[in-house]
Amino acid sequence: HTPHLPVVANEEMMKDYNQFSQREQIYFSAISAMDEQVGRIWNKLEELGQAENTMIWFCSDNGPERRTPGTSGGFRERKRSLYEGGVRVPAFCVWPNKIKSGQKTDFPAVTSDYLPTIIDLLNLDFPDDRPIDGISLKQVLNGEMVTRENPIGFHYLKKFSWVTQQHKLISTDNGQTFELYDLIHDRKEENNIAGDKPEMVQKMKKELFAWMESCEKSEQGADY
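Described below are features of the structure shown in this document. Treat the numbers as computed from the prediction; the structure is a model and nothing was measured. (Residues numbered from 1 in each chain as written. Predicted model: local features only at pLDDT ≥ 70, side-chain atom pairs only at ≥ 80, totals over all residues. Heavy atoms only, no water.)

### Concerning the environment of Glu207
In this fold, Glu207 is placed in helix H6 (residues 198-219). Residue classification places Glu207 among the partly exposed residues on the basis of a relative accessible area of 26%. In terms of polar contacts, Glu207 uses its side chain to reach the side chain of Trp162, at 2.8 Å. (Helix = DSSP H or I, 4+ residues; strand = E, 2+ residues; numbered from the N terminus. Buried < 20%, exposed > 50% of the residue type's maximum accessible area, 1.4 Å probe, protein only. Polar contact = N/O pair within 3.5 Å; in protein donor to acceptor, adjacent residues only side chain to side chain.)

This is the structure we're talking about:
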């Protein structure tokens, strides 16, 4: 869970960061410990002769906790918020035999994409009688897809949002009011353009509520 709260660290590792405050020493040491353990996994894969043929995904599940030295990189808000600082995180994928190294993409993705990607890459059969929120990233990994057609939905308590390639519709008061942001030209979400694009707001609201309803049906065990 590193570096999730409660953040703990090895005192020996903390000595490498003694120029920082104690809080920072603990935080940075926890990340170093995580790095060490990821290294152990990679070394074992090499020992087994499987490193070149193993796909590894790495990302955070959300933005930085408010009580840690973590940073959101200038994006708005932090963990527990659906503004970009709470949900936008860096990620990478390593697959030596299949993916050319050094590539970079701004393609918006979500961990819900992992399942359909693995199904697609391994040509697995999967029941088609249930909805899947994510999409296969196979073409993204191959550099063949640059635009996301399927929006990404988030729902946390009374906050929910609907994110496309370029725009985000977000409500922080259980749907009483909505804000709309252009994530390409306004990455820090400083300019609410909902009043300028009422038709887009209505279209995205309809899609968002349909998605939320499908999630509720899934939780209730509805048949599809």
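### Observations regarding the packing of aromatic side chains
On inspection of all chains with the given rule, the structure shows eleven aromatic pairs. Geometrically, the ring pair formed by Trp57 and Tyr114 is tilted, given 4.8 Å between the ring centres and 40° between the ring planes. With Trp57 in strand E1 (residues 56-59) and Tyr114 in helix H4 (residues 114-121), this pair connects stretches of sequence that are 57 residues apart. For Trp57, a relative accessible area of 23% corresponds to the partly exposed category. Overall, Tyr114 belongs to the partly exposed group, its relative accessible area being 22%. A centroid spacing of 6.3 Å and a plane angle of 75° characterise the contact between Tyr83 and Tyr181, whose relative ring orientation is edge-to-face. In this pair, Tyr83 sits in the loop between E1 and helix H3 (84-87) while Tyr181 sits in strand E6 (residues 179-182), placing the two residues 98 residues apart along the sequence. Residue classification places Tyr83 among the buried positions, given a relative accessible area of 7%. In this structure an aromatic cluster arises from ring pairing among Tyr17, Phe20, Tyr27 and Phe28. The residue whose ring lies beneath Arg76 is Tyr83, and the NZ or CZ to ring-centre distance is 3.7 Å. (Phe/Tyr/Trp six-rings, centres within 6.5 Å; stacked < 30°, edge-to-face > 60°. Lys NZ or Arg CZ within 6 Å of the ring centre and 35° of its normal.)

### What about H4?
Because an α-helix packs 3.6 residues into every turn, residues spaced three or four apart end up facing the same way. Residues of H4 that are buried: Pro116, Thr117 and Ile119. In a view along the axis of H4, the buried residues occupy a sector of 165°, so they form one face of it. One or two positions beyond H4, positive phi appears at Asn123, with a value near 55°. (Arc of directions from axis to C-beta.)

### Points about the pattern of salt bridges
Scanning all chains against the criterion turns up ten salt bridges. The residue Asp113 makes a salt bridge to Arg148 at a minimum N-O spacing of 2.9 Å. Here the residue Asp113 occupies a position in the loop between strand E2 (91-94) and H4, and Arg148 occupies one in the loop between helix H5 (138-141) and strand E3 (152-156), the gap between them amounting to 35 residues. Judged by relative accessible area, Asp113 falls into the buried class, the value being 0%. Judged by relative accessible area, which is 4%, Arg148 ranks as buried. (Salt bridge = Lys/Arg side-chain N within 4 Å of Asp/Glu carboxyl O.)

### Side note on the pairing of strand E4 (residues 159-163)
The buried fraction of E4 amounts to four of the five residues, a majority that puts the element mostly inside the structure. The sheet contact formed by E3 and E4 spans five bridges and is antiparallel. Within E4, the residue paired with Tyr156 across the bridge is Lys159. Remark: two residues form the turn of the hairpin made by E3 and E4, two consecutive strands paired antiparallel; Leu157 in that turn has positive phi of roughly 55°. Looking at chain direction, E4 and strand E5 (residues 167-171) are connected through four bridges and run antiparallel. In the strand pairing of E5, Phe160 is matched with Ser171. Following E4, the chain reverses through three residues before pairing antiparallel with E5. (Pairing = 2+ DSSP bridges.)

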